[in-house]
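Examination of the molecular architecture
Here's the letter readout for the chains.
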Amino acid sequence: MPSQETLPAFALAKIQPPRPRSALVERHALERTLGQALQQAKLTLLLAPAGYGKTAALTRQIRQLPEGCALAWISADEDDPLQRFLACLTAALEPFDLPWRVAPEALATLAMGERGLGDVAGELVNALAAAELPRGLIVVDDLHRITDPQVFELLQRMLQRWPERWGLVLASRVEPPLPLARLRAAGELAEFGQRQLRFSPAEVDALLALSGQAAEPERTRALLQRTHGWAAGLRLSLAAGSALAPRRGASATQRHLFDYLASEVLEDMPQALQAFLLHCAVLPELTAERCAQVSGDTQASRLLEEVERRGLFVSVLDTEPLTLRLHDLFRDFLEDRLLRLHPDRLPGLLKRAAEHEPDLSRAVGFLARAGAWDDAVRVLAQRGPELLAVGGGPGLEQMLALFPPAQFERHADLHLLRGLLAFSRYDWDTLFEAMHQAAAGHAGAGRRRDEAVASAYACAGLHHIGRKDEASTQLQALRALDVDDAARAVILYISAWDAFAGERSEEVVGFVAAMLDCLERMPDVRLWLQCANLSLLVGLPGMGALLERFAVGVTRVAGQAPSQLRAAMLHVRAGQAIGAGRLDEAWDWLQRADEDCRWLGRPRLLMTDNALTHVLLHALRGEPEACFRHGQQAYQDVIQNSAPSHRRVHLSDVLAVRARAAWLLGDADTQRRVDQLLHEAAHPWEWASAARCRAWSRAFVALLDGRLDEARTLLEPMAHDIERYRYYAGAQARFMVADIHARQGALDAAAALLRPWLQQVLQCGDKGGALFAGVAVLQRLAEQPWAGRLDAAQRELLRQLPALLGPGHASRPAAAEVPASAVGAPGLEELSEREREVLQRIAAGDSNKLIARAFQLSPHTVKRHVANILDKLGVDTRGQAAARWRQQG
């Protein structure tokens, strides 16, 4: 089952610093200044061409860091995207138990939100600042390999707020796009270029002595004159007995070096070792197991040890088993040599490298380089959907970009993946175009089941491009097909929304019931997540028991760890509690959903439901400021961050929720402003409910102006109907029309309208829908002389309704104001039993890993408990939380 802990794998060697070589010349001047920089500078930049010893200098220096200094090392790979960079960074920081407030694995999802990289930078900086360490370093080696501009924007944003006790160390061949001039002027940048990194005469003498050669002044002078202190040139020159120097022009230097390596290094090796290195050069890191898989050589372990013994331009990583990383220059040379001598072998080597590669991005990259497009599609189609279940959309998007257009024409699975990515972002235009092509491709290949799934998703796109009738016809045909449960669940889920879009709410229940039958036979979290957006169906006829089934099923499939699926279920629970009129319980469910959404990086798939539920619940609780804030956020999100296809259909839904909230709060100004926006938002492709939304808004404004007859005319069609819109719009209309009748002296008509609803509620208990009519309406109805028109139980129910609204409404006395001085710091009573147990362990000095082992929890769950503890106690660090335990525990 995918979870936040199974985000796309990457080679752990990427976050393991190289082991220092024993035979290194001591470079006292460089080590002294570099050591000072690592201890004091905000940014340390090692900037020089290949072969100048940047990694060697860092490797030696980090071993001399004082005790207690934290080190997070990242070795960049070609075109590391933001998502993988973040995964590497947070994994490298894992040993230091940073107090994350967002799941580290969810930072890539957070980057896609409204404030994007600003939020990611803030979460990273806050976690670093709260780490209780004397000094910490984040090292990014081979930064020049990264081309994703988002990575550099993230680093730039972090540097603006960089915590004082941490340093950033970058090693690169090219100057990174960062505000170096500003940092230089502020004295916050330590720079080490060619001048600082080149060998001095004394260091060349030491290098000669180390290699067993006489340190003669004339020879030292000749070496320096030819190599200019270039570390790689010196090393090769000493090995070959002649001087090698860098030449003008990058290509000339590379070709000269490659020829030199061929004649003086490679050809001096045994044939078996030459072949081993040529074949294994496709691997970023070398282990005996991986090398044996790629080269097919049963002597891989022995040959790898020989490579280490010879010191052939490799770094030895500080891990077991023995893991080597080839120097870029040497790896480029070996691949160049392989292409010259055996160009036909490279594709096969790359395919074997991909076969056992756990990092999906690397595996697809290997196959793309090999031109093995069919294999690349197969691997991505098998493993790609898992990424979406854990917020890995950006990584999937980058992998899809590797495929040329011709491959999309050949492989319908690529279109399907592109469509699923669009579905997770509510980009309906892209969804329709991609799924339409996927369906056509699967049809041509005779894959009828996959054609049906793609066609169903395409219907979701048709709902948003003004072709709803066409979608309904196609879905009817798809439901008649004989397909497996997974395909049928998707078809039924989209059929339910098709019925909702057409205001055929009596059909929704049947589709959702059949969908749940399929899901309950398929405990696949990915499939459940694709069918999880159900909270907006709360209140529709017959949905209560089905939503309960859904919630129970999610708990069984997804467990208790935060996930997008669990958060969707928590929104359903909040909606059910609202429907029952239990606003305090609804608030508890919504707070739990908030915690999950925040921990998961506020994924797009959840945040609309979250914001709209907040708007309505704050309005019901009588909390205007919070209601307005969430309403503005929801409106700005759909205006600024939604795809046009989503905005043109669903803007009216967001505005309608704000209109209903304004009515509840008696906010006349917002009521009129939203009414104007609703009319301006009209679009011919809207769903049928948009007309109902505008009728609602016009009725609210008419009531504000005292035009009771007009308001009654607008509301009566909804008051006499079953629930067809979200959150009990029918019940609200029924009570508001009854109030108009009562105000106009027609109590019999009012009673006739209320009687069936009251009787139904007395039987089933769901009375929350009436609360949306507002406190003034409910109070007036409760005070009417209903004797002879309503029975005693019905009258008592009417009298109870106003008290169910939140304390912010005038129907209930406001809570006594508590002086600020009387409010103490949050106490341990706020914590759950498990959180108290975790805090006790923190106070005892246990790490997250030890806590996880003690309570048989996953490290991910422990991180979540720590975040909750810090939030509830209002503290920033683990040490502060531990102090609170010692004070109050």
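Residues numbered from 1 in each chain as written. Predicted model: local features only at pLDDT ≥ 70, side-chain atom pairs only at ≥ 80, totals over all residues. Heavy atoms only, no water.

Here we come to the overall build of the protein. Looking only at helices and strands, one finds 45 helices and eight strands in the protein. By residue count, 57% of the 889 residues in the protein fall in the buried class. The contacts in the protein between residues at least 6 apart in sequence include a share of 69% that link residues at least 24 apart. For the protein, the exposed area adds up to about 35,600 Å²; of that, 50% sits on carbon and sulfur atoms. (Helix = DSSP H or I, 4+ residues; strand = E, 2+ residues; numbered from the N terminus. Buried < 20%, exposed > 50% of the residue type's maximum accessible area, 1.4 Å probe, protein only. Contact = heavy atoms within 4.5 Å. Areas by Shrake-Rupley, 256 points an atom, 1.4 Å probe, with all protein chains shown as cover.)

For the rest of this paragraph, the subject is the environment of Gly-461. Take Gly-461: it is sitting in helix H24 (residues 448–462). Each C-alpha atom of the pair Gly-461 and Leu-431 lies 5.9 Å from the other, and the pair is 30 residues apart in sequence. When neighbours within four sequence positions are excluded, Gly-461 is seen to be in contact with Trp-428, Leu-431 and Phe-432.

Another point: unusual backbone geometry. Even without being glycine, Tyr-426 reaches a positive phi, approximately 55°. In this structure, Glu-503 takes a positive phi of about 60° despite not being glycine. Among the structural elements, Glu-503 can be located in the loop between helix H26 (485–501) and helix H27 (505–520).

Here the focus is the packing of aromatic side chains. Taken as a whole and assessed by the stated rule, the structure comprises 10 aromatic pairs. Taking the centre distance of 5.4 Å and the plane angle of 55° together, the rings of Trp-373 and Phe-403 count as tilted. Highlighted residues: Trp-373 in helix H19 (residues 373–389) and Phe-403 in the loop between helix H20 (393–400) and helix H21 (405–410), separated in sequence by 30 residues. Grouping residues by exposure puts Trp-373 and Phe-403 together as buried. Seen in terms of ring centroids, Phe-423 and Tyr-457 are 5.2 Å apart; in terms of plane orientation they differ by 70°. Their pairing is edge-to-face. (Phe/Tyr/Trp six-rings, centres within 6.5 Å; stacked < 30°, edge-to-face > 60°.)

The subject of this paragraph is helix H6 (residues 149–160). Taking 1.5 Å of rise per residue, the 12 residues of H6 would be expected to cover 16 Å, and the 17 Å separating its terminal C-alpha atoms lies within 8% of that figure. Among the structural elements, strand S2 (43–47), helix H3 (82–93), helix H5 (116–129), strand S5 (166–172) and helix H7 (180–185) are those in contact with the buried residues of H6. With a side-chain oxygen lying 2.9 Å from the backbone nitrogen of Gln-150, the N-terminal cap of H6 falls on Asp-148. (Expected span 1.5 Å × (residues − 1). Polar contact = N/O pair within 3.5 Å; in protein donor to acceptor, adjacent residues only side chain to side chain.)

Let us look at the pattern of salt bridges. In this structure the tally under the stated criterion is 58 salt bridges. With a shortest N-O distance of 2.6 Å, Arg-692 and Glu-503 are connected by a salt bridge. Taken together, the residues span a long stretch of sequence, with Arg-692 in helix H36 (residues 689–704) and Glu-503 in the loop between H26 and H27 at a distance of 189 residues. No difference in accessibility class separates Arg-692 from Glu-503, as the two residues are buried. One salt bridge in this structure joins Arg-834 and Glu-837, with 2.8 Å as the shortest N-O distance. Of this pair, Arg-834 and Glu-837 are both found in helix H42 (residues 833–843), three residues apart, which corresponds to roughly one turn of the helix. For Arg-834, a relative accessible area of 30% gives the class partly exposed. Here the salt bridges do not stand alone but share partners, grouping Lys-14, Asp-77, Asp-80, Arg-84, Asp-142, Arg-145, Glu-285, Arg-325, Asp-359 and Arg-362 into one network. (Salt bridge = Lys/Arg side-chain N within 4 Å of Asp/Glu carboxyl O.)

Moving on to the sheet that holds strand S8 (residues 324–326). Reading across the sheet, the three strands line up as S1-S7-S8 and stay open at both edges, with antiparallel pairing between neighbours. Across the chains shown, the open sheet's two edge strands, defined by having one partner strand only, are strand S1 (18–19) and S8. Where strand S7 (residues 314–317) lies against S8, three bridges are found, and the strand directions are antiparallel. Along S8, the bridge assignment pairs Val-316 with Leu-324. (Pairing = 2+ DSSP bridges.)

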